[in-house]
Structure formats: structure tokens, C-alpha cells
Amino acid sequence: ETGVTQSPTHLIKTRGQQVTLRCSSQSGHNTVSWYQQALGQGPQFIFQYYREEENGRGNFPPRFSGLQFPNYSSELNVNALELDDSALYLCASSSWTGSSSSDNSPLHFGNGTRLTVT
Amino acid sequence: KQEVTQIPAALSVPEGENLVLNCSFTDSAIYNLQWFRQDPGKGLTSLLLIQSSQREQTSGRLNASLDKSSGRSTLYIAASQPGDSATYLCAPALYDDYKLSFGAGTTVTVRA
């Protein structure tokens, strides 16, 4: 069983630039979520994709956007980078039925992408 | 908005001691709660998922309890080992929501 893989592992960008982070979900999983984790804090939910559509979003501005592809892989795009965007970005996948909010599928996380904005 | 608090923030124990990690959350309308482990600079590893209908869940030396009505969960780690050194995070999931809400975690150091 292949786990969640993210690329790249580390990235350094300059303020104002744009960045794309990639995630391959675990085999058999149809839902992808993205989280931002600042140093010393717990992860914060950015958004979730199911069947190639965004179906939930946290308190992040529109310059954070995403895509999910037919093979359930996903991208996180961040435009106009700010210094505060420096963080570990985590991708998580799960197998969701889409029919109930009481689904108990655990989330499986990748190792993350460490983004540094200078 | 779900607020999650984990106490203590850090813990250092000698090898062999039992660990007790506490998690409290403000909104009890959850359908499950997950405990995760995070090693420095790494992603999250799921340890246990406890459903809202359960009182506890066990996996090896790990045991998680859930008191949904009081908004509390506790993770017990028996006979700690240096390899248990990591940050432990709890994350409840609300009904009709899509996200997990995380606490800041408890950083555990087990001394050999």
C-alpha cells in the first residue's frame, strides 16, 4: 500500500512569488485535504477536495487555491507569497463515502513540504 | 469554532514511566477524535481513532479514552521508551464539518 507522498520536501521562495505544492494520495483514497502548520503550532485546515471539487475551506484567503485530479492527486497553489506563509504544508488523504458526515475514515498524512518565504 | 487545548505542552520522563496526555475541546458535537504522533520536521502518523460512540480505543501500549460530554480525551502510553519521544496531537472532527481541529500538541521526551 503506497502512502501519501508530497513534493518537493523543501522549497525557498521570495515574497510576492507563486508556489505549487504536489500531493499523491494513498492508494484507494478519494479525498484530499491540505493543512498549514506554523512552527510550534498545530496544523490549520486550508481546504478539502472530493471528486475534483473543493467541498470545505478554512480561514485562508483566495490566493490559496487547489486542484484535485482524476487520479485523486492534488496541488496546492499559493500566489503573492508573504513572509507569514512560511510553514510546513501537509497533505492528507482519506476514503470518504460522501454520503454522511459521520464517516470514520482516519486521515493519513504525508511528510509535508517545508516552505520558506524570504 | 472548535478550540482544542493540550496539557501539558511538554513532558520529560525516564524510560519505563507511564505517560498521560490530556486533550480538551470546546464543542462536544464530534463524531470522532484522532490522536497523531509527529516527529520533528515530519508529517503526522495516525495512532488511534476513537469514534463518538466509543469510550476508549487500544493499540498495543497506547490507550485513548473519550468523554464526549465533558469535551475530554486522554492518551495513555504504557512503559514509555526513548522511541516514544515525539509531539502528540489530538484532533476532534465535528459533525457537518470537513476538517480536523488540532491542538498545539504535547512534546514528549523519554530519557534513557
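Enquirer: Can you explain the overall build of chain B? Please cite residues and give values.
Expert: The helix and strand tally for chain B stands at zero helices and ten strands. Shown N-terminal to C-terminal, the secondary structure of chain B runs as helices and strands in the order β-β-β-β-β-β-β-β-β-β. Relative to the 2.2 N^0.38 estimate, which gives 13 Å for 112 residues, the radius of gyration of chain B is 13 Å and therefore close to what a compact globule would have. In terms of principal-axis extent, the alpha carbons of chain B reach across some 45 × 30 × 20 Å. Taking contacts inside chain B between residues at least 6 apart in sequence as the whole, the part at least 24 apart equals 54%. Counting only carbon and sulfur atoms, one obtains 47% of the accessible surface of chain B, whose full area is about 5200 Å². Distance between charge centres in chain B, computed from 9 positive and 10 negative side chains, equals 2 Å.

Enquirer: Please give an account of the packing of aromatic side chains that cites residues and values.
Expert: Taken as a whole and judged by the stated rule, the model has eight aromatic pairs over all chains. Ring plane angle 90 degrees and centroid distance 5.3 Å describe the contact between A:F109 and B:F36, whose orientation is recorded as edge-to-face. Pair noted here: A:F109 is in strand β10 (residues 108–109) and B:F36 is in strand β4 (residues 30–38), and the two residues belong to different chains. The residues A:F109 and B:F36 share a single accessibility class, namely buried. Geometrically, the ring pair formed by B:F36 and B:F102 is tilted, given 5.7 Å between the ring centres and 45 degrees between the ring planes. Linking B:F36 in strand β4 with B:F102 in the loop between β9 (86–94) and β10 (106–111), this pair joins segments that are 66 residues apart in sequence. Under the relative-accessibility criterion, B:F36 is labelled buried at 0%. With relative accessibility at 8%, the residue B:F102 sits in the buried group. In textbook terms, an aromatic cluster arises when at least three aromatic residues are bridged by ring pairs, as seen for A:Y35, A:F45, A:F109, B:F36 and B:F102.

Enquirer: Outline the interface of chain A and chain B, listing residues and values.
Expert: Listed as interface residues are 24 residues of chain A and, on the opposing side, 21 residues of chain B. The junction of chain A with chain B conceals about 1700 Å² of combined surface from both sides, 56% of it contributed by carbon and sulfur atoms. Counting across the interface, chain A meets chain B through zero salt bridges. Counting across the chain A and chain B interface gives four residue pairs in polar contact (both at pLDDT 80 or more). Those elements that provide at least two residues to the side of chain A that touches chain B are β4 (31–37), β5 (44–50), β6 (53–57) and β9 (87–94) of chain A.

Enquirer: So what about the sheet that holds strand β7 (residues 62–67) of chain B? Which residues, and what values?
Expert: Residue and element names in this part refer to chain B. Taking strand neighbours across the sheet as the criterion, the five strands line up as β1-β3-β8-β7-β6 in an open arrangement whose pairing is antiparallel. If you trace the sheet from one side to the other, it starts and ends with β1 (4–7) and β6 (56–59), each paired once. Direction aside, neighbouring strands of the sheet carry axes that sit 15 degrees apart on average. Bridge analysis of β6 against β7 gives four bridges, and the strand direction is antiparallel. The partner of E56 across the bridge, within β7, is S65.

Enquirer: Any chance you could break down the sheet that holds strand β8 (residues 74–78) of chain A for me, citing the residues and the numbers?
Expert: All names here are of chain A. In space, the four strands of this open sheet follow the order β1-β3-β8-β7, with antiparallel pairing throughout. Strand pairing shows two members of the sheet lacking a second neighbour, β1 (5–7) and β7 (64–68), which therefore form its edges. Here the average twist between neighbouring strands, direction ignored, is 20 degrees.

Enquirer: Requested: an account of the pattern of salt bridges, with residues and values cited.
Expert: The tally for this structure, following the rule as stated, stands at seven salt bridges over all chains. Between A:E75 and A:R22 there is a salt bridge; the shortest N-O distance is 3.5 Å. One end of the pair, A:E75, is in strand β8; the other, A:R22, is in strand β3 (residues 19–24), with 53 residues separating them in the sequence. We classify A:E75 as buried; its relative accessible area is 15%. Notably, a salt bridge pairs B:K1 with B:E3, separated by 3.8 Å at the nearest N-O pair. What you see here is one network of salt bridges that share partners, running through A:R63, A:E82 and A:D85.

Calculation notes
Residues numbered from 1 in each chain as written. Chains lettered and ligands numbered in written order. Predicted model: local features only at pLDDT ≥ 70, side-chain atom pairs only at ≥ 80, totals over all residues. Heavy atoms only, no water. Helix = DSSP H or I, 4+ residues; strand = E, 2+ residues; numbered from the N terminus. Rg over C-alpha atoms; globule rule 2.2 N^0.38 Å. Contact = heavy atoms within 4.5 Å. Areas by Shrake-Rupley, 256 points an atom, 1.4 Å probe, with all protein chains shown as cover. Lys, Arg positive; Asp, Glu negative; His and termini not counted. Charge placed at Lys NZ, Arg CZ, Asp CG, Glu CD. Phe/Tyr/Trp six-rings, centres within 6.5 Å; stacked < 30°, edge-to-face > 60°. Buried < 20%, exposed > 50% of the residue type's maximum accessible area, 1.4 Å probe, protein only. Buried area = accessible area lost by both parts, 1.4 Å probe. Salt bridge = Lys/Arg side-chain N within 4 Å of Asp/Glu carboxyl O. Polar contact = N/O pair within 3.5 Å; in protein donor to acceptor, adjacent residues only side chain to side chain. Pairing = 2+ DSSP bridges. Axes fitted to C-alpha atoms, helices over the stretch in contact; angles between N-to-C directions.

Function cannot be inferred from these measures alone, as they are strictly geometric.
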